[in-house]
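Chain residues, written in single-letter form:
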There are 4 protein chains.
Amino acid sequence: MSPHVTHLRVRYAETDQMGVVYYANYLVWMEVARVELCKVLGFNYRDMECHDGVLLAVIQAECRYRYPARFDDEVIIETSVSAATSRGVEFHYEMRLADGDRRLASGSTRHIFCNRQMEPVRLPEKYRPMFGLK
Amino acid sequence: MSPHVTHLRVRYAETDQMGVVYYANYLVWMEVARVELCKVLGFNYRDMECHDGVLLAVIQAECRYRYPARFDDEVIIETSVSAATSRGVEFHYEMRLADGDRRLASGSTRHIFCNRQMEPVRLPEKYRPMFGLK
Amino acid sequence: MSPHVTHLRVRYAETDQMGVVYYANYLVWMEVARVELCKVLGFNYRDMECHDGVLLAVIQAECRYRYPARFDDEVIIETSVSAATSRGVEFHYEMRLADGDRRLASGSTRHIFCNRQMEPVRLPEKYRPMFGLK
Amino acid sequence: MSPHVTHLRVRYAETDQMGVVYYANYLVWMEVARVELCKVLGFNYRDMECHDGVLLAVIQAECRYRYPARFDDEVIIETSVSAATSRGVEFHYEMRLADGDRRLASGSTRHIFCNRQMEPVRLPEKYRPMFGLK
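Residues numbered from 1 in each chain as written. Chains lettered and ligands numbered in written order. Predicted model: local features only at pLDDT ≥ 70, side-chain atom pairs only at ≥ 80, totals over all residues. Heavy atoms only, no water.

Participant: Even after reading the chapter, I still don't get the overall build of chain A, so can you show me in this structure?
Facilitator: Across its full length, chain A carries 2 helices and 5 strands. Secondary structure elements in chain A, listed N-terminal to C-terminal, are β-α-α-β-β-β-β. For chain A, buried positions account for 59% of its 134 residues. Taking contacts inside chain A between residues at least 6 apart in sequence as the whole, the part at least 24 apart equals 67%. Here chain A has roughly 5600 Å² of accessible surface; of this, 47% comes from carbon and sulfur atoms. (Helix = DSSP H or I, 4+ residues; strand = E, 2+ residues; numbered from the N terminus. Buried < 20%, exposed > 50% of the residue type's maximum accessible area, 1.4 Å probe, protein only. Contact = heavy atoms within 4.5 Å. Areas by Shrake-Rupley, 256 points an atom, 1.4 Å probe, with all protein chains shown as cover.)

Listed below in C-alpha cells is the structure:
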C-alpha cells in the first residue's frame, strides 16, 4: 500500500521564538496525518471511539528533526502503517516541504487498542481487514 | 474577597516567532488561574466534573493585551469572581510581570454550569456557598 | 467586500476532556483565518514581517462560544476587516459547522502595526490600499 | 550528578477527549524540565539565546508512554544530561505522579548547538564546564 499523503500549512501558533516550528507540534501533525490515513482505510477514529468504545492509545512516539519548518510553509506528510496486529499498530511518517521537496522530519508512533477504561483490548473483527489483518 | 494570586513561568512552547507569548496562551493561563481560585473556594473542578457531572462551560472570553510577556518571565495572575448566579459565573483576571510589576494583560471569562450533555443546569446546592450564593 | 471563507477540520489535539474543542483554540483558528484573509488582500504576513519588519500585534481578542465544536468537525470561518486605519486593524470572525450550518462562535481581534521592537508604527504606504486606506 | 527534579500540575488545556493528557504535551513538559535543569547548571537558556546567539536545536525526541496523566495531577520530572559534547547534548527524562509514585512516561531529547542562522556551532567555552566539558 502506498503511503497516504496529507497537506497542511504551518500556523503562526505553531512557531516559537526561534522562528521555527516548536518541536512538539510535529507530533500534532502526525496525529492529523494518522487520522486521515485511518479514514482512507475505512476506519473512522471518531466513530470507533463513540460507537465501539475502542481507543487508539499511544505507547511510544519518536521524531527526528532534519530541517526546520517555518510559518506559512506548506508541509507534506506521507503516512504508512509500518506494523499491525490485533493488539496494536505502528505508523511511520515522512514530513517534507511541498516547495522544493526538502525533508523536514521523520517519525513513528506505536499504539495499542484500549477500551474507555484504558485497558488493552483486541481490535474488533470488523476493523481488522482495514489493517490487513484476518 | 481579595483576588487569588497565581504564579507561573512562561514556557518556550508558549512563545511565537514574534519572540513573545502567542495570544491564545493567555486564555490557557486564565484557565490555570481559574482552577486554582476554584480550589481555594473549596470547589474542586476535577471532582465536580467526575462526581457531580457538572461542567463549567465557557460562553465568552475576552483579553486586552498591554505589554508582551516573554520566555522565562514570571507572570502573576490575580483572579476574582466578578459575578455569580446559580446559572453561571464570571471571572476577572489581571496579569502582570513579577519582576517590576508591569501590567501584561487583563481579561474575563463567562461560564455557565452544564451537565455532560452540555445542557445548562443550576449549580448543585452544596457548591453555592463557595460562590457566595444561597 | 464579502468575508473570506476558511475551512478547517478539528484536530484531536484541539479537544479537551470535556469532549469538545478547548476554548483557547478558537483564537488559533482566528489566526489561521486572518492570515488567509490577509493573503487574499495581497498582504503577505510572512513577507511583511521578514522584509518590512512590520508586525501585526494583537491588542484585544474576544470570543463568544455558542455551540461546541468536536473532533473531526469541519469548521467554516468567515472573516472580514471590520475597521482599519494606518495605525491598526480590526477583524471579525463568524465560525460555524460545515455540516448543518450551526453557529459555533463569533469573535473579533484588534491589532496595531509594530516594528520589531514592538513600538507602534504606521502601516507602510504600499500596504494601505489592501485595507482600503489611502 | 543527581537528576534535577521539576514539579508541574496538569492543565485542563493539556487534556484531550480521551480524558488524559494529549501525547505531544509530554514534549512540552520535557522542555520545561530541561530549561530548569539548564538554569541549575548555571546556563541560562534565555541569556544564551539573547546574548550569545546560541540556540539549542532539537534533532531527536522520543517518549514512551506507560500510564496516562490526568487533569490536575501533580507530575514530577527527573531530568539528567545523558551525554554532552561541544557540538550537542542529550537529556533524559523520567516522569511520574507525585501522588503514589506511578511512572507516567520516560523520554529523551537530543540537541545540537546552533547560531541564529540555524547552522551548527561549538558551545562557547564559558558554557562548557556547566556540562562537564573542558
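So much for the structure itself; the text now carries on.
Participant: Quick question: what am I supposed to make of the relation of the copies chain A and chain B here?
Facilitator: One copy of the chain maps onto the second through a rotation around an axis plus a translation along that axis. The two copies are related by a screw motion: chain A maps onto chain B through a turn of 180° and a shift of 0.0 Å along the axis, at an RMSD of 0.0 Å. Read as a symmetry element, the transformation amounts to a two-fold axis. When the interface residues of chain A are mapped onto chain B, 100% of them again fall at the interface, so both copies present the same face. (Least-squares fit on C-alpha atoms with pLDDT ≥ 70 in both.)

Participant: Explain the sheet that holds strand 5 (residues 103-114) of chain C here, please?
Facilitator: The 10 strands lie next to each other as 1(B)-3(B)-4(B)-5(B)-2(B)-2(C)-5(C)-4(C)-3(C)-1(C), forming an open sheet whose pairing is antiparallel. Edge positions in the sheet fall to strand 1 (4-9) of chain B together with strand 1 (4-9) of chain C, since each of these pairs with one other strand and no more. Averaged over all pairs of adjacent strands, the angle between their axes in this sheet comes to 25°, without regard to strand direction. Bridge count for strand 2 (residues 55-65) of chain C against strand 5 of chain C is 10 bridges, and the pairing is antiparallel. Across the sheet, residue Glu62(C) finds its bridge partner in strand 5 of chain C, namely Ser108(C). The sheet strands contacting helix 1 (residues 25-40) of chain B are strand 1, strand 2 (55-65), strand 3 (74-84), strand 4 (88-97) and strand 5 (103-114) of chain B together with strand 2 of chain C, and the helix crosses strand 1 of chain B at an angle near 135°. (Pairing = 2+ DSSP bridges. Axes fitted to C-alpha atoms, helices over the stretch in contact; angles between N-to-C directions.)

Participant: It is not clear to me how the interface of chain A and chain D should be interpreted in this structure. Could you clarify?
Facilitator: Frequently, the measure chosen for interface size is the accessible area removed from exposure when the parts meet. Between chain A and chain D, the contact holds 27 residues from the first and 27 residues from the second. For the pairing of chain A and chain D, the buried interface totals around 2300 Å² over both sides, and the portion due to carbon and sulfur atoms is 59%. Inspection of the chain A/chain D interface yields 14 residue pairs in polar contact (both at pLDDT 80 or more). Looking at the side of chain A that touches chain D, the elements with two or more residues in it are helix 1 (25-40), strand 2 (55-65) and strand 5 (103-114) of chain A. Per-class residue counts for the side of chain A that touches chain D are 17 nonpolar, 3 polar and 7 charged. Across 5 bridges, strand 2 of chain A lies against strand 2 (residues 55-65) of chain D in antiparallel orientation. (Buried area = accessible area lost by both parts, 1.4 Å probe. Polar contact = N/O pair within 3.5 Å; in protein donor to acceptor, adjacent residues only side chain to side chain. Nonpolar A, V, L, I, M, F, W, Y, C, P; charged D, E, K, R; others polar.)

Participant: What is the right way to read the nonpolar core from this model?
Facilitator: Core analysis: the largest hydrophobic core is formed by 99 residues, its most contacted members being Leu27(A), Trp29(A), Met95(A), Leu27(D), Trp29(D) and Met95(D). In this view, Leu27(A) contacts Ala61(A), Cys63(A), Tyr65(A), Tyr22(D), Tyr23(D), Ala24(D), Leu27(D) and Tyr65(D); residues no more than four positions away in its chain are not counted. Listed in part, the 98 residues of the second largest apolar core include Leu8(B), Ala24(B), Ala57(B) and Val21(C). (Core = buried A, V, L, I, M, F, W, Y, C linked by side-chain atoms within 4.5 Å.)

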